[in-house]
Amino acid sequence: MLSTKISEKASRIPLPRHLWSNDTEVTKIRRQLIIYWIRSSVLFWILILLIALIYLGSGVNPIWHTESLDVFVTNFDDGRAGSYFLEAFHNTPSGNQTLNWIFQQPSDLSSSIDDQIEDGKAWASVFMNPNISNRLNRILQSILNGNLTDSVYQPSSAVTIVYDEGRNFNTINGYVLPPIRAAIAVASVRYASYLQSQITQYSNMTPTNIIAAISLANKTYLPISYTNKNLHPATPYAGVLATSLGYLFLWLIMLSLVGMAIRITQPLAGKIKIIDIVFIRIINTIFNGLIISLIYSLCVLWFANFTKSVPFIRFWLFNWLATVTFTVIISLFVINLGALAQIALTLFLIINLSASSTNITIELQNRFYHVGYGLPLYHCFSAGRHLLFGSYTKLNVDIAVLFAFYFGAVILTIITGIYRMYKQEQKILEQIPWCSKLPRPQYSLLERVTVPSQKWFEVYRIRPTVFAIYEPYHWEESISYLVIGSQSSLLIDTGMGIENIRKIVEFLIPSSTSLKVINTHTHHDHVGDNWRFSGSLYGIHSEFAEQNAKGMIWEKYLPKGFNRKTYRIHPFQINNYVKEGDRIILGHDHELEIISTPGHAPDSISFLDEKQRLLFVGDTFYQGPILLYRPETNLQDYLISLEKLAKMTSKVDLYYQVIIFQMFNLN
């Protein structure tokens, strides 16, 4: 009995054991587990080493590279203050915190100083305003003359520092402004010494002179100071976060989105055309990228105090471009690297973060990190700060780089995605063992019946009056059965409908016998030619069968050279209904009992011919994986159907049965 054998097999399945048991199989599992653990652990150790070296290495001694930061120095004062000002910058000691001072003559300026910074020609511009020496001389004369009439001078008006904080907050405040302020302080100290020496050398000091010197001490001890002119303040701080870590969060969100899209569409492989799956993924990327970037931009609008609609829309559209670019890059990695994609994406992201001006500009990093100029995250940060703060960037270059990454990754993703999906389809087909073992060795046991004028079908005689009509050139190898009785004949299933099975039937049955047609179930590969037998169809009452009787379009895995556009399962009509226990009598030699065996399909039925000791089971049982994943299948019903068939083994002659032709040997 089949049920007994199933029970015996189940009883032989070992119960779960402890990992440290001495069982041979567990020992093998334990060894494999240790090897896998060591490999995966070492891989992640290497990963964290690379992350630490790359990310932490990006901030090693940036002061070694401050000479790569350009700063314009301009003197508009023709006197002693201007001279001290220039000397202070010329004499800046080499070594740490030394910027690349570019000295300009006022007559050489082709544009305003503000425009120079706006255009990104330098990180800052420092200049001494005109007439500072004259104004300081008047301060000195006021002290020497003992009057305070010329005391309106403010030291902070001596020098102006122009910079763009929005370009990179940390670089400006940590590495650009300190050396400038230090040089100004040197000039101020030197000029203060000069003033003190002049006052000390004055021989006619009176109480009035002393009072004047004390009153103006704040201007003589710090004669030269500066005024900051920040063209684009990096405020509020929410804006700084939005244009740095914010894009990291967008990357992580899009990573989750890609994983979700692949998880949803991957099961469709083999059921829906590859190009349709790719199209679904692209539409999902574009639409979700639009909504995600909108939500993100609205939050930035709230916290960063956008006041005009046009800048907001530009910021939103740029973020949309950034999200879809992230998505296609992630998709490219995931599709092609599989399990290694997570590691590769982590390294790619770390390199992006390390070389994307997160904390300091690339110019302050080692040459390795200059690769950031060609990476998408750098251009996201740069363009984001420009759109939010108005700071300097080459926006057209930022957008062009993102578009280049987007289209490049899209093309590669489509090409590799189609290839991978194709390989996946092939793998699905290869998993079906009976598709790769042609010709069947069992065929040699049967008599081949030659049917003239056709090449699609092969016909085999199972019993003197029982034929298997086989379709070997389709991967499902659909098989229909013709049982010829003394009074009438029965065709069980009508195949794919690719070629005319009616011609085969008419060749095999005597002209004097009538024909009945019935299906083991109404899946497409069993009802293809039902429409050719109008008036002769038998079947059971089932919503599933009634729906399929309306016809269907099926284009999957059709033979080469076949017109897929014109092929379809034509509508058909069941004329005679049967139920479980009914018998189809074909004469004194064949009488088939209807057995309801749902599971693979809700309308599945089998046929028991006790007189000939034959059992026709359709797709309820065959050599290979039983397809039970479709919406209409039911595993519980299937198990019940198997038990029902198992109880009939005593009624079936096992001697003539072979596994092929959907007939099974229960031994």
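The text that follows walks through the structure, step by step, so that each part is easy to find. Since the model is a prediction, treat every value here as computed from it, not as a measurement.

1. Examining the overall build of the protein chain
In step 1: Within the protein chain, the secondary structure is distributed over 18 helices and 17 strands.
In step 2: Looking at the protein chain as a whole, 49% of its 667 residues qualify as buried.
In step 3: Sequence-distant contacts in the protein chain: of pairs separated by 6 or more residues, those separated by 24 or more amount to 70%.
In step 4: In the structure as shown, the protein chain presents an accessible area of about 33500 Å², 60% of it carried by carbon and sulfur atoms.

2. Topic: unusual backbone geometry
In step 1: One non-glycine residue, Asn61, lies in the positive phi region at around 45°.
In step 2: In this structure, Asn61 sits in the loop between helix H2 (24-57) and strand E1 (70-75).
In step 3: One non-glycine residue, Ser453, lies in the positive phi region at around 65°.
In step 4: Since its relative accessible area comes to 82%, Ser453 is described here as exposed.

3. Notes on the packing of aromatic side chains
In step 1: A full pass over the atoms with the stated rule returns 15 aromatic pairs.
In step 2: Consider the rings of Phe89 and Trp101, whose centres lie 4.8 Å apart with planes at 80°: the pair is edge-to-face. Taken together, the positions of Phe89 in helix H3 (residues 80-90) and Trp101 in strand E2 (residues 100-104) put the pair 12 residues apart, joining distant regions of the chain. As far as burial versus exposure is concerned, Phe89 and Trp101 are alike and both buried.
In step 3: Here the aromatic residues Trp251, Phe326, Phe333 and Phe348 are joined through ring pairs into a cluster of three or more.

4. Considerations on H3
In step 1: All of the buried residues along H3 are Ala81, Gly82, Tyr84, Phe85, Ala88 and Phe89. Along the axis of H3, the buried positions cluster into a sector of 165°, meaning they face one direction only.
In step 2: Residues of H3 that are buried make contact with E1, E2, strand E3 (124-128), helix H5 (132-145), strand E4 (159-163) and helix H6 (169-201).

Analysis parameters
- Residues numbered from 1 in each chain as written.
- Predicted model: local features only at pLDDT ≥ 70, side-chain atom pairs only at ≥ 80, totals over all residues.
- Heavy atoms only, no water.
- Helix = DSSP H or I, 4+ residues; strand = E, 2+ residues; numbered from the N terminus.
- Buried < 20%, exposed > 50% of the residue type's maximum accessible area, 1.4 Å probe, protein only.
- Contact = heavy atoms within 4.5 Å.
- Areas by Shrake-Rupley, 256 points an atom, 1.4 Å probe, with all protein chains shown as cover.
- Phe/Tyr/Trp six-rings, centres within 6.5 Å; stacked < 30°, edge-to-face > 60°.
- Arc of directions from axis to C-beta.

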